[in-house]
Amino acid sequence: MSQETIPQLTAFDVAALDRSFGELLRSVQQEAARMVSADDREKFRLYWLGRKQGRLKSIGEAWLKTAPVEAKKAIGQRFNQLKEQIEQALDAGSPSVAARAAGRSAGPISDALDITLPGIRPGLGAEHPLIKTLHEVVGIFERMGYSVGIGPEVETDYYNFESLNFPPNHPARDTQDTLVVAGQEKKPLRERLLLRTHTSPVQIRTMEQQPPPLRIVIPGKVHRNDAADATHSPIFHQVEGLCVDTNITFSDLKGTLDHAMKELFGSSVKTRFFPSFFPFTEPSADVQISCIFCSGKGCRKCKHSGWIELLGCGMVDPAVFGFVREKQSAYDPKKISGFAFGMGIDRIAMMKYGISDIGLLYSGDMRFLEQFA
Ligand code: PHE
């Protein structure tokens, strides 16, 4: 929009005036159509309506000066009309007007928002059956005076294995098919990262931080390189338990777990302990509960044995205390003893809620989840 020369008015009859003003209006409209930004609009405004050098003013002055007296009124009227048309073009190009025309909000309050419409009610959430079970188990131990701890899911080989008395290349490592973090080969074995295969590394981490007496439960996710099927998932949940004090015996372990199982599955549930092996407990045991589906009579669920195996446990191996003594000398196996246990929460949730496929717990399928709301 460069400042052009002022067009001359040569005839003053109505038809000639209309033609001349028609031409002016056309150039107003052409320029208005090219406005995109707020900047463009301001330039347009100054060009046409600027008080000192606005085109409307210059043309008006020039035309009125040369016009015969009888034509001045008609010219004045047409200038007023043209001014209105320019102002309308400016309004039409303003962002708020454009947005309103497009039905979008132009500011905090706009015509597009109808506050009389009913709102969208957010659906009420519910605890996932896994988390519900996890809280239930943790709650049972909290009521027995246990505190709750957590630890990292990405763990070092040292905490996941070595400090739990799984030496490098020990065959016991093969029982926990491990997902390792790539590109760690240059590090010493004990510093290499992996996804923890159990919550037991948090036993060590906790003992390094706190001297005995210790009563702690550790809920969390664990990972194993297992192919997914109805009873296996590469990710699952455990609750670990650790109790260390003077004079802790296997009877304390039995009493604690028997009570916990009765709280979890009902007071008629019985427990029994079978010899087992874990590198970090000695002696070690697997705990079975009487089948909650057939009350021990024998059914398909318990493979007609009347018993269901539910968790691993044992007395803390003195070698494990050996690994933490550097940082906490009070873990002297001559003075203290302890027990530990670990249970799979997925399995417990599946038993409690009659879920036959572990995959459902991780599918995010609302049709499944809504049954627990
Ligand atoms: N960490 C063991 C597992 O995942 C379970 C366990 C925990 C056993 C504590 C004994 C003591 O198999």
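Numbers given for residues are sequential positions, taken from 1 along each chain in its written order. Given that this is a predicted model, residues contribute local features only at a pLDDT of at least 70 and side-chain atom pairs are listed and counted only at 80 or more, while totals for whole chains, interfaces and linings are drawn from all residues. Calculated side-chain values reflect all of the structure's heavy atoms, with hydrogen atoms and water omitted.

## Considerations on the site of the ligand
The cut-off we apply is this: Neighbouring residues are identified by heavy atoms, a residue being near a molecule or strand if any of them is within 4 Å of it. Think of a polar contact as two N or O atoms within 3.5 Å of one another; within protein, one of them needs to be a possible hydrogen donor and the other a possible acceptor, and neighboring residues in sequence only count if both atoms come from side chains. Per-residue accessibility takes into account occlusion by the displayed protein chains alone, with areas from the Shrake-Rupley method and a 1.4 Å probe. By the criteria applied, helices consist of DSSP H or I runs no shorter than four residues and strands consist of E runs no shorter than two, each listed in order from the N terminus. Each residue gets one label: Ala, Val, Leu, Ile, Met, Phe, Trp, Tyr, Cys and Pro are nonpolar, Asp, Glu, Lys and Arg are charged, and the others, such as Gly, are polar.
Close contacts around the ligand come from 15 residues, with His198, Ser200, Arg224, Gln238 and Gly342 the closest. Within the contact set of the ligand, an oxygen atom lies 3.0 Å away from a side-chain nitrogen or oxygen of arginine 224. Between the ligand and the protein, one listed contact pairs an oxygen atom with a side-chain N or O atom of glutamine 238 at 2.9 Å. Against a free-state accessible area of 330 Å², the protein chains account for coverage of 92% of the ligand. Taken together, the elements giving at least two residues each to the shell around the ligand come down to β5 (235–245), β8 (307–316) and β9 (337–344). For the shell around the ligand, the per-class residue count stands at five nonpolar, eight polar and two charged.

## Here we look at the packing of aromatic side chains
For the record, the criterion: By convention, a stacked pair of Phe, Tyr or Trp rings (six-membered ring in the case of Trp) has centres within 6.5 Å and planes under 30 degrees apart, an edge-to-face pair has planes over 60 apart, and any other such pair is tilted. When a residue's accessible area, from a 1.4 Å probe over protein chains only, is under 20% of the maximum for its type it is buried; when over 50% it is exposed; and in between it is partly exposed. The rule for a charge over a ring is simple: NZ of Lys or CZ of Arg within 6 Å of the ring centre, and within 35 degrees of the ring normal.
All chains considered together, the criterion is met by 16 aromatic pairs. Taking the centre distance of 6.2 Å and the plane angle of 70 degrees together, the rings of tyrosine 158 and phenylalanine 323 count as edge-to-face. One end of the pair, tyrosine 158, is in helix α7 (residues 157–160); the other, phenylalanine 323, is in helix α10 (residues 318–324), and 165 residues separate them in sequence. Using a relative accessible area of 28% as the deciding quantity, one classes phenylalanine 323 as partly exposed. Of the aromatic side chains, those joined through ring pairs into one cluster are Phe141, Tyr146, Phe339 and Phe341. Across from the ring centre of phenylalanine 293, 4.3 Å away, lies the NZ or CZ of lysine 301, which sits over that ring. Above the plane of the ring of phenylalanine 265 lies lysine 352, whose end atom (NZ or CZ) is 5.7 Å from the centre.

## Observations concerning the side chain of glutamate 208
The condition is simple: The criterion used for residue contact is that any of the two residues' heavy atoms lie within 4.5 Å.
In this structure, glutamate 208 sits in helix α8 (residues 201–209). Among residues more than four places away in sequence, those in contact with glutamate 208 are Tyr158, Tyr159, Val324, Lys327 and Gln328.

## Focus on unusual backbone geometry
In this structure, the amide linkage connecting proline 212 to the following residue, proline 213, adopts the cis form with an omega of 0 degrees. Turning to its location among the elements, proline 213 is positioned in the loop between α8 and β4 (214–223). That bond from glutamate 282 to proline 283 is cis: its omega, -5 degrees, falls within 30 degrees of zero. Along the chain, proline 283 falls in strand β7 (residues 281–290).

## Comments concerning the sheet that holds β4
Definition in use: When DSSP finds two or more bridges between two strands, those strands count as paired. Note on geometry: axes are lines fitted to C-alpha atoms, helical ones only across the stretch in contact, with angles between N-to-C directions running from 0 to 180 degrees.
Spatial ordering of the open sheet is given by β1-β4-β5-β9-β8-β7-β6, a layout of seven strands whose pairing is mixed. Of all the strands in the sheet, just β1 (147–148) and β6 (271–278) have a single pairing partner and so form its edges. Of the strand pairs in this sheet, β7 and β8 are connected by eight bridges, and their pairing is antiparallel. Within the sheet, the bridge partner assigned to serine 290 lies in β8 and is tryptophan 307. Strand contacts of helix α6 (residues 129–142): β1, β4, β5 and β9, with the helix running at about 5 degrees to β5, the strand carrying the most contacts. Sheet strands in contact with helix α9 (residues 250–265) are β6, β7, β8 and β9, and its direction is about 145 degrees off that of β8.

## Examining the nonpolar core
As a rule of thumb, nonpolar side chains are buried together in soluble globular proteins. This is how it is decided: We call a set of buried residues a nonpolar core when its members are Ala, Val, Leu, Ile, Met, Phe, Trp, Tyr or Cys and they connect through side-chain atoms within 4.5 Å of each other.
Judged by nonpolar contacts, the single largest core of 44 residues is most densely connected at Phe141, Leu257, Met261, Phe265, Leu310, Phe341 and Met343. Taken together, the elements giving at least two residues each to this core come down to α6, β5, α9, β7, β8, β9 and α11 (345–353). Those residues within four positions of methionine 261 in sequence are excluded, and the remaining contacts are Gly266, Val269, Thr271, Ile289, Leu310, Leu311 and Met343.

## Some thoughts on the domain arrangement of the protein chain
Defined as follows: Either an automatic procedure or a domain database provided the assignment from which the domain bounds are taken.
The assigned domain composition of the protein chain is domain 1 (14–102) and domain 2 (129–372). Taken over C-alpha atoms, the centre of domain 1 sits 82 Å from the centre of domain 2.

## Let's talk about helix α4 (residues 69–92)
Residues spaced three or four apart along an α-helix point in a common direction, a consequence of the helix completing one turn every 3.6 residues. Which entries qualify depends on this criterion: The span you would expect from a helix comes to 1.5 Å times its residue count less one.
With 24 residues, α4 should cover 34 Å at 1.5 Å per step; its first-to-last C-alpha distance of 36 Å lies within 8% of that length. The inward-facing, buried residues of α4 contact α1 (14–33), α2 (38–49) and α3 (55–66).

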